[in-house]
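# An overview of the molecular structure
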Amino acid sequence: MEKASVFFKRIMLGILLLVMLLTLGLIIWKGAEAHSYLAALLPGAGLAYLLSRLLPRCSLPLPRLPALWVGVFCFALNIIWVLLVRIEPFSDYEEYWQVACALAAGKPVPDAWYVAMYPHILGTATFLSGLIRLFGESVFAVTVVNVLLTSLSCTLIWLLGRELLGQEQAFLAALLWAFTPSKMMLGSLVFSEPLYTLLILLFFWLFLRLKPMLTAGGPIPWAGLGALALLGLLLALIQIVRPIAVILIIAVVLWLLFLRGAEGKSLRLWGLWLLALVAMLGLYKGALTLWDSHVERVLGQEPASVPWYNIYVGLNEKTDGRYTDEDMDLLTGYLKQGMSAGEAQRHMIPHVRERLASGLDFPKLFSAKLFNFLGNDELGGYTYRFTRSPLFVKLCMMICNIFYYCIFLAGIHGLVQMLCSRELGAGLLLPLFFLGLTLAHMLVEVANRYHYSLIPILIIFAALGLTGGERSPS
């Protein structure tokens, strides 16, 4: 079983590495047209090379209580930006804010049809409404909470890195996250990414910590079974805030089936994992059923389920799978006929079929979507295009991309080391999720912002690549 698991691990990592290398090729190709990408890639590569030469030769000084201090340092560093550069909500960010304010005031939800189309807006807005009740309608208070959430993520990156790599590499990964400029700049917004990224990292860490409780010998580990089952509630929270929990579930199932190594020989462990998985999915489904009922009561209409509209947008070759007013007008046309959000989504199915049958150039579409998803990290700077000078915006975009390309290239090196290693373990959930979310966005609507939750994982890969460590996630 161990040989088979190593084989499947290398297939999975090989596919992910191919995706990363294709993205790198697209960055270089796009750089021939938009020179700013090459202008960021070259110093990013230089920074990655410099760090990879220096870090293996020196030892990072670890403070006492590093899990606490990395979080404190991340908060102190990022709060400075939030204090200096503030921005009012706009576009989708304003939608989150207006819905949150309405919930806090006990008023009807504005644009209920739109929220029913994307019920995760209500999930984030419900969290934000609690903050508004505490601090009043203060956008600044929400952005401070964003910084707190990203700082807690920093601590979780340290904890994950310690489990998977070692203390020095974990400390490096936490520092890289603290200094990530796009996360710092986006912290000024009202949005869901800091919250659901924290929840995803918490899921990974809890899974790694709870797994030994199930696989230890002796009597039936009821405590381990119960604790793993409770992760279903965490998955439901992730789905409520951002509908990507199914990717985590698929990653867990694939890991159980193909990547557990010698554990796969034990019928007892198969039975225990099956019980844990059934209980986890049962709690997940039950929690979501209750949430859907709550959404319907709040909005007064059925929320959408399968995102056929997003698939339709994802297949739009003219916009490279990104949002367009024309596609939204088609959807709202059904809503104006009196349909619910769910009915309007189902009426998009024939349009999806029509677009599929229109002779799409899939290699061209998927390459464009891959670049739009992973090819740059400049949204942090681009966000300020309405409120700051063009020079400020371009400078911020360049800084974001230089850092991103540094960790992207170091992450590729880290993946190569993982590919060469025979080590197995639950840490392989991280690359499974990275690959799964990337492939999912090759089908549905794509945007640069949606890779936010992958940056911590990329940073963990980069910490391995920059230090030349021989150990890979296990």
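The sections below set out a description of the structure shown in this document. Note that the coordinates shown come from a computational prediction; the quantities given were computed from them, not determined experimentally. (Residues numbered from 1 in each chain as written. Predicted model: local features only at pLDDT ≥ 70, side-chain atom pairs only at ≥ 80, totals over all residues. Heavy atoms only, no water.)

## What to know about the overall build of the chain
Across its full length, the chain holds 22 helices and 0 strands. Taken against the 2.2 N^0.38 rule, which gives 23 Å for 474 residues, the C-alpha radius of gyration of the chain at 22 Å falls within 12% of a compact globule. Looking at the chain as a whole, 57% of its 474 residues qualify as buried. Considering only contacts within the chain whose residues lie at least 6 apart along the sequence, 81% involve residues at least 24 apart. Accessible area of the chain: about 20000 Å², with a carbon and sulfur share of 67%. In the chain, 34 positive and 29 negative side-chain charges are present, and the distance between their average locations comes to 10 Å. (Helix = DSSP H or I, 4+ residues; strand = E, 2+ residues; numbered from the N terminus. Rg over C-alpha atoms; globule rule 2.2 N^0.38 Å. Buried < 20%, exposed > 50% of the residue type's maximum accessible area, 1.4 Å probe, protein only. Contact = heavy atoms within 4.5 Å. Areas by Shrake-Rupley, 256 points an atom, 1.4 Å probe, with all protein chains shown as cover. Lys, Arg positive; Asp, Glu negative; His and termini not counted. Charge placed at Lys NZ, Arg CZ, Asp CG, Glu CD.)

## Thoughts on the state of the cysteines
Throughout the structure, instances matching the rule amount to 0 disulfides. The cysteine Cys154 is free of any disulfide, with Cys74 supplying the nearest cysteine sulfur at 4.3 Å. (Disulfide = S-S within 2.5 Å.)

## A closer look at helix H8 (residues 167-179)
Look at H8: 18 Å from first C-alpha to last across 13 residues, which is about the 18 Å you get at 1.5 Å a residue. Residues of H8 that are buried: Gln169, Ala170, Phe171, Leu172, Ala173, Ala174, Leu176, Trp177 and Ala178. Residues of H8 that are buried make contact with helix H3 (66-84), helix H7 (139-164), helix H9 (181-186), helix H20 (390-420) and helix H22 (455-467). (Expected span 1.5 Å × (residues − 1).)

## Structural notes on the nonpolar core
In terms of nonpolar packing, the biggest core is built from 172 residues, with Phe203, Phe204, Phe207, Trp255, Phe433 and Phe434 touching the most fellow members. A per-element tally of this core places H20 first, with 13 residues. For Phe203, the residues in contact, after removing those within four places along its chain, are Leu231, Leu234, Leu235, Ile238, Leu248 and Val252. (Core = buried A, V, L, I, M, F, W, Y, C linked by side-chain atoms within 4.5 Å.)

## Focus: the packing of aromatic side chains
Any aromatic ring pair is given by two values, namely how distant the centres are and how the planes are angled relative to each other. Overall, the coordinates contain 24 aromatic pairs when judged by the stated rule. For the ring pair Phe203 and Phe207, a centre distance of 6.1 Å and an interplane angle of 35° mean the geometry is tilted. Within this pair, Phe203 and its partner Phe207 are both found in helix H10 (residues 193-215), separated by 4 residues, close to a single helical turn. For Phe207, a relative accessible area of 0% gives the class buried. Linked through ring pairs, Phe90, Tyr93, Trp177, Phe191, Phe386 and Tyr452 together constitute an aromatic cluster. Lying across the ring of Phe371, Lys30 places its NZ or CZ 5.4 Å from the centre. Above the face of the Trp270 ring, Arg260 is positioned so that its terminal group lies 4.3 Å from the ring centre. (Phe/Tyr/Trp six-rings, centres within 6.5 Å; stacked < 30°, edge-to-face > 60°. Lys NZ or Arg CZ within 6 Å of the ring centre and 35° of its normal.)

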